[in-house]
Structure formats: C-alpha cells, structure tokens
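Given next are the chains, with one letter for each unit.
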Amino acid sequence: MMVEAPLSIPPNRALRVVGDVHGDVSAFAYAADTDRFVIQLGDLVDYGPDSAGALRIMFDLIDRGQGLFLLGNHDLKLARFLLGQKVRSNAELIATRRQMDEPLRARFLAEAARAPLWLQSGPRLFIHAGFHTDMLLGPPPPTEIGRAVGVNARALFGEPTGMTQSDGFPERSLRWVHRIPPNITVYVGHDRRSQDGRPLEQPSRAGGRAVFLDTGAGKGGHLSWIDLPPLEDRIEAAAARS
C-alpha cells in the first residue's frame, strides 16, 4: 500500500480542535459543520453508535481540505486489527469492524498510515494522549501501523504508572503536564479529566499548559471542541497589548 504524504495544518486558518469522537456521529457532524479547519485529536472509533459514519465525516473533511485527524490508540488498534496483527479484541472493536464496508476499510487504512502522531503550529501542540519534550524538536516520524514504543507510545497512550485501575484499564500519570515549557499549549484528548463536562485547562509548573478535550463522547458523555483564532491574529493581539 502506497502511503500518501502526512497532512498538515494550513497557515493562517482559524481552527476547531475536537476531542475524542468514539463513534458519536451526530455530535461530530455538528462539530464538523464549520468554516474553520478541523483538527480531531484521535479516537474516531469504538463505543459510540456509528464509528463508520464518524470516519466518513472525517474523510470528507480531508477531501475538502477542511480537516485532519491525529492517530489515536483506538484508531491504531483498529488498523492493526484490520491488517491481521495481534491485538486484544473486544466487543467495541468487533462492532466497529462490522460497520465498515470494504471501501471504507481500505480508506481508513490509507488514512491511518499517514495520520500524524502529533503536530505543532507555533506555540500550539496537538496530540492524542501525552506530551514529551522531544516532540518540540521537529515533526513526528512517519506513522507505523504496529506496536508503538518510545515517544510514539507517549503520543498514543500517555504515561502509564504501571498500575491497573479498578476498571481494568492502565492507570496513567499526568506528570508530563509539568514538563510543558513556557508559552506552549498542548491540546490533548485520551484522558477524561474534566469534572464538569467542559474542556479542562491545567497549568504546567514549567510555565506551559495542557487543555484536555475528552469529555466522554460515545461513553455516556458528550463531544467537546474549542475554537482557536489564526496564529497571526493571536500574535497581533499580543503585540497590541504590549
């Protein structure tokens, strides 16, 4: 399979950053109905009623030059499953696969293979799960559909503590938040950290901040997003205040 070039954020565009969708197609259709460029933070599939529909909305955005998605751990797992790689199967994964016809499976594999693991645009860093300072050194490596290690694993799974929670899922630390340097904002999904259903902002002791946008879409919660102005507008506004 030929892998197309990774997608990137177009310059001077207003953005809409969308958290984990998890098959909540009606909410994602609403979020995608915008003139802003959509950055979806990964985990398009599983749990919700229509993962196939969510993928089709995303691919339409890509085709129109109106959006992209970062690779999430559920997206990677689905791609590995479709390729016959060894993964831990569950009911959500099986349900997602059954919703997908052959053309959609082929398109998903092509898009997953070029979905970036993280993207930086000026002082903004977009990622699915967890930050590492190496992500500020340059663009991510080409995506590999396989077992993730190192910084790639941080991008997809966050920072595990080695402990297991009562629900059977790995416990994850947010120590990485306090490594975000000054003037950097990390927009992230993966972990449902908000207690009030709104995106959660957490400052870093190092001077930056993280904004968590997973508010439980497809899992009994709802879909959240945040709108950002073009970077040139932000720079001009900062200059006007100084």
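Refer to the preceding data block for the structure.
What counts as what
- Residues numbered from 1 in each chain as written.
- Predicted model: local features only at pLDDT ≥ 70, side-chain atom pairs only at ≥ 80, totals over all residues.
- Heavy atoms only, no water.
- Helix = DSSP H or I, 4+ residues; strand = E, 2+ residues; numbered from the N terminus.
- Expected span 1.5 Å × (residues − 1).
- Buried < 20%, exposed > 50% of the residue type's maximum accessible area, 1.4 Å probe, protein only.
- Contact = heavy atoms within 4.5 Å.
- Phe/Tyr/Trp six-rings, centres within 6.5 Å; stacked < 30°, edge-to-face > 60°.
- Lys NZ or Arg CZ within 6 Å of the ring centre and 35° of its normal.

Q: Residues and numbers for helix α2 (residues 51-63), please.
A: Under the 1.5 Å per step criterion, the end-to-end length of α2 is 18 Å for 13 residues, consistent within 8% with the ideal 18 Å. Across the 13 residues of α2, 10 count as buried, placing the element largely inside the fold. Within the sequence span of α2, burial applies to Ser-51, Ala-52, Gly-53, Ala-54, Leu-55, Ile-57, Met-58, Phe-59, Leu-61 and Ile-62. Residues of α2 that are buried sit in contact with α1 (25-32), β2 (37-40), β3 (67-69), α4 (91-99) and α5 (102-114). Looking one or two places after α2, you find Gly-65, whose phi comes out positive at around 70 degrees.

Q: Before we move on, could you go through the packing of aromatic side chains and cite the residues and values that matter?
A: Aromatic ring pairs: the centre-centre distance and the angle between the two ring planes describe each pair. Scanning the entire structure with this criterion turns up three aromatic pairs. Relative to Trp-225, the ring of Tyr-30 lies with its centre 5.9 Å away and its plane at 45 degrees, an arrangement referred to as tilted. Taken as a pair, Tyr-30 in helix α1 and Trp-225 in strand β11 (residues 225-228) lie far apart in primary sequence, 195 residues in all. Note on Tyr-30: relative accessible area 60%, which makes it exposed. Seen from their ring centres, Trp-176 and Phe-212 are 5.8 Å apart, and the 50 degrees between their planes marks the pair as tilted. Here the residue Trp-176 occupies a position in the loop between β7 (170-173) and β8 (185-188), and Phe-212 occupies one in strand β10 (residues 209-212), the gap between them amounting to 36 residues. Over the face of the ring belonging to Tyr-47 we find Lys-219, whose NZ or CZ atom lies 4.6 Å from the ring centre.

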